[in-house]
Amino acid sequence: MTAACPACAPLPESAARAAAAPTPARADLVLHLPDIHCAACIASVERTLAAEPGVSAARVNLSLRRVFVTAAGPEPEALTTTLIAALAAAGHRAQRLDGAAERDAPGRDLLMRIGVAGFAMMNVMLLSVAVWSGAEATTARLFHLISAAIALPAVAFSGRPFFSSALGALRARRLNMDVPISLAILLAAGASFFGALVGAERAGWFDAALALTFFLLIGRYLDHAGRRAARSAAADLAALEAPQALRVGADGREEIVAARALSAGDLIRLRPGDRLPADGVVEEGVSELDRSALTGETRPEPVAPGGAVAAGEVTLTGQLLVRVARAGRDTALARLAELVATAETQRSRYSGLADRAAAIYAPLVHILGAAAFVAWFWATADGMRALDVAISVLVITCPCALGLAVPAVSTVTTARLFRRGLLVKSRTALERLAEVDLVVFDKTGTLTTGAARLTGEPAPEALARAAGLARGSAHPYSRAIVAAAEARGIAPAPVEEITEIPGSGVEGRLGGQRLRLGRPAWLGLEGDGVALAGEGAEGAPVLFAFEETLRPEAVEAVAALRAAGHDIALLSGDAPASVARIAGALGIETAEAALSPEDKAAWLEARAAEGLRTLMVGDGLNDTGALAVAHASLAPASALDAARSAADVVLLSGRLDAIAPMLSAARGAVARMRQNIGLALAYNMVAIPLALAGQATPLLAALAMSSSSLTVSLNAVRR
Amino acid sequence: MNVLVLLIPISVGLGLAGLAAFVWSLRARQYDDPEGARARILDDRWDDEPRP
């Protein structure tokens, strides 16, 4: 579909065809290979997979970084794990890609139609040249008939995307850009056919009808290809973290299942570092939970048997056995997703530049055409002549360049942003990004890295001991202690017999002394952070404090946005003190702390009510509502799947300093779209009076159409 | 002008041949993986015997 008729469903008829058509190369299994890049990788992957029993064929697609595997056996599903393991042994990362067996059927369908329209257009134009340069009566008539024989089937085949979209719009009692397009194509082809049958001397409109179809199909294909690239990259990201769960059966056996297969009452085991796939209650084990994705809170919270856990949380230190209470649609996570769904229906009502142009253009063209017919019929009482003029008005005003003007610019800009690591997923995202005046950041994981950093300067000896204890632990505070010791060049003390006590801390022995590093409460102390305590005189407890690390480029990125004239705000679910500290470091004045996900969305809606256009930048589940409510939204690639799917733009590089150039690129693109629409209208300004005066010949129509389409496309690609 | 009887079928036929070649290349998935096609020419697996 072109941007000219965004209200319709994307190519419904081709989707149906794709389902019905037999797939020549059957692919039972699709794996995503994020790291392959060369001929040697292709050969190695294909050789590895072909050597596996149960694989009858494997074909790598380097453009998509995927491998399509045809299984020999009846159960391809069972192969997945073995194949991924075999590829890992050969040195390739691979992930299962769900439902990606579909290849680009709509794209190939459009290409086929473009090919047919192009072939027919060239042949008919060659025949028309003879007629325009004055062929004799019989020859001209013969050429008309041959043109008709080529043009009519070609129009019937190539024009189908427009016809079906126009029919759909008319059934819904709406007008879209495809209605005047279809009318012009059909009238031009029909009247020329009638002319050819009765042997009219006047040249036909076949080439105009075909050129119209050809150029508009190119615009439609550009639009499709641009968004397909972004969609397939987004699917790859989702495959990187397909949620799985380790289910413990009634007989104690454990099996890996997809998270969506869980149901209430199941028992699941979670190892340190696992993300919870469902809501539930802890049956066994103690640990600490990282809830930052749900709440924005950076401090881990301890959890013990009987404690409630929610999907999206990460267990940090201990193994947990969790009884599932709610899974799938009912989880807290899915309820957040509902918030997103309602907001997205509001956003889809945003009408882009092309829509607004079409809304004015489509009725105007029809009125002009009808008026031309009536006026000429009244003046000359010659029905054929009046119809001819009306057709020439419809063909010449037909938004050939207008259909290309917006998709060409958005495709070029989207491709440029893609190379800079920005995935633009939504069709109208560029136009909405160009209007942004307030940029709203989430704190945890967006402005900060999510990793903790040790503050203050603890005594080297204490740091060495703490680092010695912390070496074996995956807790963020432990990692921060080890990193701080490394940064100061302090070797960790040789602590032995390290045991991690989940939910509390780490215990070990140094020489004859027992050492403990953990939550202050566990060591009988007051305070935040982590404490180190030993036995005896040397064992006076030492308290370590932590803060979040700001992303290195955050200060610069915020300054660049402010220099570009945007206001900045910070919304966080975290405690006021840490929010105020980050806001101070970045010089952000509007900072709100301790917000729930609903509060964030409400805050943004309040700004929207004030007439501000907001860009929400966030990565957590607690941001999804806000991402969906905001005028435009952006999520880093490290964000959770729900946040990424709610966002218009995914930042693959994760670098915040890409935001300011992106906004200026979006503004540039919209300026270019307006220019293009202006150019297309300028051609019409010249051509419409000629057409109304009955002076427009098919030659003029062909010239105007091709040159305006070319101008608009060239204007889109120029830097 | 009688030569047209020959020339027109020939020119349209040549055009149709081009279209048929395009349709075949599209059906044979020649445009599915442009980057892979660029890389595969460096692949030496099928240098000695053709791919079975």
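Remember, predicted model here, so these are calculated numbers, not experimental data. (Residues numbered from 1 in each chain as written. Chains lettered and ligands numbered in written order. Predicted model: local features only at pLDDT ≥ 70, side-chain atom pairs only at ≥ 80, totals over all residues.)

**What about the overall build of chain B?**
Logical step 1: Helix and strand counts for chain B stand at two helices and zero strands.
Logical step 2: Taking 10 Å as the expected radius of gyration for a compact globule of 52 residues, we find that chain B reaches 19 Å, considerably beyond that expectation.
Logical step 3: With the C-alpha coordinates of chain B rotated into their principal frame, the extents come out at 55 × 25 × 15 Å.
Logical step 4: Across the 52 residues that make up chain B, the buried fraction comes to 2%. (Helix = DSSP H or I, 4+ residues; strand = E, 2+ residues; numbered from the N terminus. Rg over C-alpha atoms; globule rule 2.2 N^0.38 Å. Buried ≥ 20, exposed ≤ 12 C-beta atoms within 10 Å, placed from the backbone.)

**What to know about the environment of Gln95(A)**
Logical step 1: Counting through the fold element by element, Gln95(A) comes out in strand β4 (residues 95-96).
Logical step 2: For the pair Gln95(A) and Val30(A), spaced 65 residues apart in the sequence, the C-alpha separation amounts to 8.7 Å.

**Thoughts on the interface of chain B and chain A**
Logical step 1: Taken together, the 20 residues of chain B in the interface contact 19 residues of chain A.
Logical step 2: Where the side of chain B that touches chain A is concerned, the elements lending two or more residues are α1 (4-27) and α2 (34-40) of chain B.
Logical step 3: A per-element tally of the side of chain B that touches chain A places α1(B) first, with eight residues.
Logical step 4: Tallied by class, residues from the side of chain B that touches chain A come to eleven nonpolar, three polar and six charged. (Contact = placed C-beta atoms within 7 Å. Nonpolar A, V, L, I, M, F, W, Y, C, P; charged D, E, K, R; others polar.)

**Focus on the environment of Gly678(A)**
Logical step 1: In this fold, Gly678(A) is placed in helix α23 (residues 659-692).
Logical step 2: Put simply, Gly678(A) and Ala211(A) are 467 residues apart on the chain and 21 Å apart in space, counted from C-alpha to C-alpha.

**Regarding unusual backbone geometry**
Logical step 1: Notably, Ala594(A) is not glycine yet its phi reads approximately 55°, a positive angle.
Logical step 2: With respect to the helices and strands, the residue Ala594(A) is situated in the loop between β23 (590-592) and α20 (597-609).
Logical step 3: The residue Arg29(B) is not glycine, and still its phi comes out positive at about 60°.
Logical step 4: By the C-beta count within 10 Å, which is 15 here, Arg29(B) ends up partly exposed.

**Description of the environment of Leu690(A)**
All names here are of chain A.
Logical step 1: Tracing the backbone shows Leu-690 in helix α23.
Logical step 2: Distance from Leu-690 to Ala-632, taken between C-alpha atoms, is 43 Å for residues 58 residues apart in sequence.
Logical step 3: If near-sequence neighbours (up to four positions away) are discounted, Leu-690 is found in contact with Gln-695, Ala-696 and Leu-700.

**Quick notes on the nonpolar core**
Residues and elements named next belong to chain A.
Logical step 1: Grouped together as the largest cluster of nonpolar side chains are 149 residues, with contacts concentrated most on Ala-151, Ala-209, Leu-210 and Val-440.
Logical step 2: A total of 15 residues in this core trace back to one element, the largest contributor, which is α23.
Logical step 3: In contact with Ala-209, other than residues within four places in its own chain, are Ala-151, Val-155, Ile-185, Ala-188 and Ala-189.
Logical step 4: Membership of the second largest hydrophobic core comes to 25 residues, among which are Ala-452, Ile-481, Ala-493 and Ala-531. (Core = buried A, V, L, I, M, F, W, Y, C linked by C-beta atoms within 7 Å.)

**A word on the sheet that holds strand β9 (residues 287-290) of chain A**
Residue and element names in this part refer to chain A.
Logical step 1: The sheet built from three strands is open, its strands ordered β10-β9-β12 with antiparallel pairing. The sheet is open, and its two edges are formed by β10 (301-303) and β12 (314-315), each paired on a single side.
Logical step 2: Judged from the two bridges that link them, β9 and β12 form a sheet pairing that is antiparallel. Among the inter-strand pairings, Asp-290 is bridged to a residue of β12, identified as Val-314. (Pairing = 2+ DSSP bridges.)

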